[in-house]
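Letter by letter, the chains look like this.
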Amino acid sequence: MHLGILIGIVLYEIISIALVSWLITRKQKHAGKEAGSFAFAGGGLPASLVGITLALTLLGSAHNWGTCQNAASMGVIAAWFGIACAVMMVVITQITGPWMRRTGAKTSGEFLGKIFGPTSGRLISAMNAALIIGMCCLEMEAIAVTINLMTGWSYTVSAILGGIVAVLYVLLAGMKEIAWLNLINAIVMYLGLILVFISLIFKLPGGWDAVETTMLSSPDTAWMTNLFGNPALIVGFAIPSALGASLFHGMAQTGYQPIATAKNNKEVKKSIWFAGPINGCFCILPALIGVAAFSIIAYRSAGDMMMTPAMMADLLPKPVLGLLLAGFLGVDLSSFAVMSLAPATIISHDMYTLKNPKATEEQKTRLTRIIIVIIGIVSILICNLQPIVVNMVNWSFAFGVPVFVMGVFGLWWKRSAKASVITFIITWIAVCIWSTFGLQDYLQMANFHVTYIATIFSVVIGVITTAVCEGKPGLFVKKRK
Amino acid sequence: MHMCIVSIIQVVVIVFAITGIGFAIGKANKFGETDDIWKEDK
């Protein structure tokens, strides 16, 4: 067990959380606490904090340990997941985020309810809440892997410890605290990754040149050293990742939550200069580090997920390993925090108000906190039962595709609750048949990603049902004329 | 090391190109420029 690293990282997390919470509480006592400040940071964040929060909210297990894991089968092409997320940032900050803010909606469910009415809105809220809770479990898996690497403790104990820290992370103050903690974690994580990369120049047997030579020595692995080395993976992985991430988060609570905290739409649009590069450039370093681990035969036997942690534990100086793990842990914690906050906010703001329409902000905040604790417990219980991280994330994205397509139709063409419900349900069934129940494997069409299926079904069924079913003009249509 | 440098430069160039193009798209999205809450015509 790396006791020094463990103590250092735990102290770092506790001190950073406590310090930021204390500073915010102190500031709020002086300024007076604004209504809704727990989940929405009082709605006054500048572009820098909005961009960094957005970048780190949507930068978690799939970017760090997930990309290392992917590098074992696709080499540096795994970095395309980050590039895909830069496209997603453009969609959120330049297109859908400002649209959603202009409707006055505080959650994606409220926004979609304004387009399609309460039935479709609640259907999407329920789907989003379930999928995002699933993603919380992925984040918990990454947190547990990090703690396992730090301590050598069993995966279960690591997950329980990680769950407690993760829940504390979000419970103490809410969105505003996470925004500031993200800023600190971003700096630590990038510093850690750069130091790991530099350390590996000296610590890898033969340095990075030996990694490249080993990979290039076989035609089976030579393509893994080139970002454009396998066109089939660009079609089967990079493009669907960009499409799925953009269409899922473009109108989901995870993408909208940080946007809702911005001071105004100008700040939202400027935030792309932080969100795009921070999120988009991240994956290349884990991808290269994953390739390094793959190039050393001794670590391959540890399996795709654990070969990179095993190499790091062996080769890296302890301070560098500690800094990296603190950064990774911080990122996964902040992603867990906002992801758990998103379904909790959906339930407290969209669903609880059905039963109690006169619920006060204090009651909603209390319910949000209780739900976050429940999500933490559920995540701990099932985080060990997850498939390959990036595959799971991309599968989840496919469920958001019809919501985005029908959302755009509903804003700019026609709103029909019936058309939207039919499109959602048919597309979700198609996604399940193609991916979950294995039609894709049966037909041996590995590169025909489930996101393509979801997009084709959404557009075709959406156009037909919207044209045929009765409905009101698009939400933004009338005044445009 | 050649692999690392080339890959990092490629990723940075692609990401900043996407960001720049995205920002230009945002400039064209005039509807999302203001903060006025949209009132639906009844």
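Once a new chain begins, its residue numbering starts again from 1 and follows that chain's sequence as written. Labels are handed out in written order, letters beginning with A for the chains and numbers beginning with 1 for the ligands. Per-residue local features are limited, in this predicted model, to residues with pLDDT of at least 70; the limit for side-chain atom pairs, both in listing and counting, is 80 or more; totals at the level of whole chains, interfaces and linings are taken over all residues. The side-chain values count all of the structure's non-hydrogen atoms but skip hydrogen atoms and water molecules.

### Overview of the packing of aromatic side chains
Residues and elements named next belong to chain A.
Part 1 of the reasoning: Stacked, tilted and edge-to-face pairs are distinguished by plane angle, under 30 degrees for stacked and over 60 for edge-to-face with tilted covering the rest, among Phe, Tyr and Trp rings (Trp via its six-membered ring) whose centres lie within 6.5 Å. Scanning all chains against the criterion turns up 13 aromatic pairs over all chains.
Part 2 of the reasoning: For the ring pair Phe 409 and Trp 413, a centre distance of 5.3 Å and an interplane angle of 80° mean the geometry is edge-to-face.
Part 3 of the reasoning: Buried means the residue's accessible area, taken with a 1.4 Å probe over protein chains only, is under 20% of the maximum for its type, while exposed means over 50%, and partly exposed covers the values in between. Assessed through its relative accessible area of 16%, Phe 409 is described here as buried.
Part 4 of the reasoning: One aromatic cluster is present, built from ring pairs that chain together Trp 99, Trp 412 and Phe 476.

### Digging into the domain arrangement of chain A
Residue and element names in this part refer to chain A.
Part 1 of the reasoning: The domain boundaries here were taken from an automatic or database domain assignment. As assigned here, chain A comprises domain 1 (3-398) and domain 2 (399-481).
Part 2 of the reasoning: Here the C-alpha centroids of domain 1 and domain 2 sit 27 Å apart.
Part 3 of the reasoning: Residue contacts follow a heavy-atom distance rule, with two residues in contact if any of their heavy atoms lie within 4.5 Å. Taken together, the contact pairs 31 residues of domain 1 with 31 residues of domain 2.
Part 4 of the reasoning: Between domain 1 and domain 2, roughly 2,700 Å² of surface is buried when both sides are summed, and carbon and sulfur atoms account for 77% of that area. Buried area: the accessible surface (1.4 Å probe) lost by two parts on joining, summed over both.

### Observations regarding the interface of chain A and chain B
Part 1 of the reasoning: Taken together, the contact pairs 45 residues of chain A with 32 residues of chain B.
Part 2 of the reasoning: Carbon and sulfur atoms make up 69% of the surface buried where chain A meets chain B, a total of about 3,600 Å² over both sides.
Part 3 of the reasoning: Think of a salt bridge as a Lys or Arg side-chain nitrogen and an Asp or Glu carboxyl oxygen that are within 4 Å of each other. Where chain A touches chain B, the interface holds zero salt bridges.
Part 4 of the reasoning: To qualify as a helix, a DSSP run of H or I must reach at least 4 residues; to qualify as a strand, a run of E must reach at least 2; elements of each kind are numbered from the N terminus. Broken down by element, the residue count for the side of chain A that touches chain B peaks at 11 residues, all from helix α5 (residues 80-102) of chain A.
Part 5 of the reasoning: Each residue belonging to the side of chain A that touches chain B can be placed in one class, and the counts come to 27 nonpolar, eight polar and 10 charged. Each residue is assigned to one class: nonpolar for Ala, Val, Leu, Ile, Met, Phe, Trp, Tyr, Cys and Pro, charged for Asp, Glu, Lys and Arg, and polar for all the others, Gly among them.

### Things to note about a nonpolar patch on the surface
All names here are of chain A.
Part 1 of the reasoning: Surface patches are drawn from residues lacking salt bridges whose relative accessible area is over 30%; two like charges belong together within 9 Å, two nonpolar side chains (Val, Leu, Ile, Met, Phe, Trp, Tyr) within 5 Å. Accessible surface area values rest on a Shrake-Rupley calculation with a 1.4 Å probe, where residue burial reflects the displayed protein chains alone. Residues Ile 370, Val 373, Ile 374, Ile 377, Val 378, Leu 381, Ile 382 and Leu 385 make up a contiguous nonpolar surface patch of about 720 Å² in total accessible area.
Part 2 of the reasoning: With respect to the element layout, Leu 385 can be found in the loop between α20 (361-382) and α21 (389-398).
Part 3 of the reasoning: The class of Leu 385 is exposed, set by a relative accessible area of 67%.

### Remarks on unusual backbone geometry
Part 1 of the reasoning: For Gln 444 of chain A, which is not glycine, the phi dihedral falls at a positive 55°.
Part 2 of the reasoning: By secondary structure assignment, the location of Gln 444 of chain A is in the loop between α24 (439-442) and α25 (450-468).

### With respect to the environment of Ala 126 of chain A
Part 1 of the reasoning: Secondary-structure assignment places Ala 126 of chain A in helix α7 (residues 118-151).
Part 2 of the reasoning: Placed 224 residues apart in sequence, Ala 126 of chain A and Asp 350 of chain A show a C-alpha to C-alpha distance of 9.8 Å.

### With respect to the packing of helix α22 (residues 401-412) of chain A against helix α23 (residues 417-436) of chain A
Residue and element names in this part refer to chain A.
Part 1 of the reasoning: An axis is simply a line fitted to the C-alpha atoms; with a helix, the fit covers only the stretch in contact. Between two such axes, the angle follows the N-to-C directions and lies from 0 to 180 degrees. Across the interface, α22 lies against α23 with an axial gap of 9 Å and an inter-helix angle of 155°. With respect to their mutual orientation, α22 and α23 come out roughly antiparallel. Read as a crossing pair, α22 and α23 show a hand that is right-handed. In this structure, α22 contributes Pro 402, Val 403 and Met 406 to the contact, and α23 contributes Ala 419, Ser 420, Thr 423, Phe 424, Thr 427 and Trp 428.
Part 2 of the reasoning: When the residues that make up the contact of α22 with α23 are grouped by side-chain class, the tally is six nonpolar, three polar and no charged. We call two directions roughly parallel when the angle between them is under 35 degrees, roughly antiparallel when it is over 145, roughly perpendicular when it lies between 65 and 115, and oblique otherwise. For any pair of crossing helices, the crossing counts as left-handed if the nearer helix is rotated counterclockwise from the farther one by less than a right angle, and right-handed if it is rotated clockwise.

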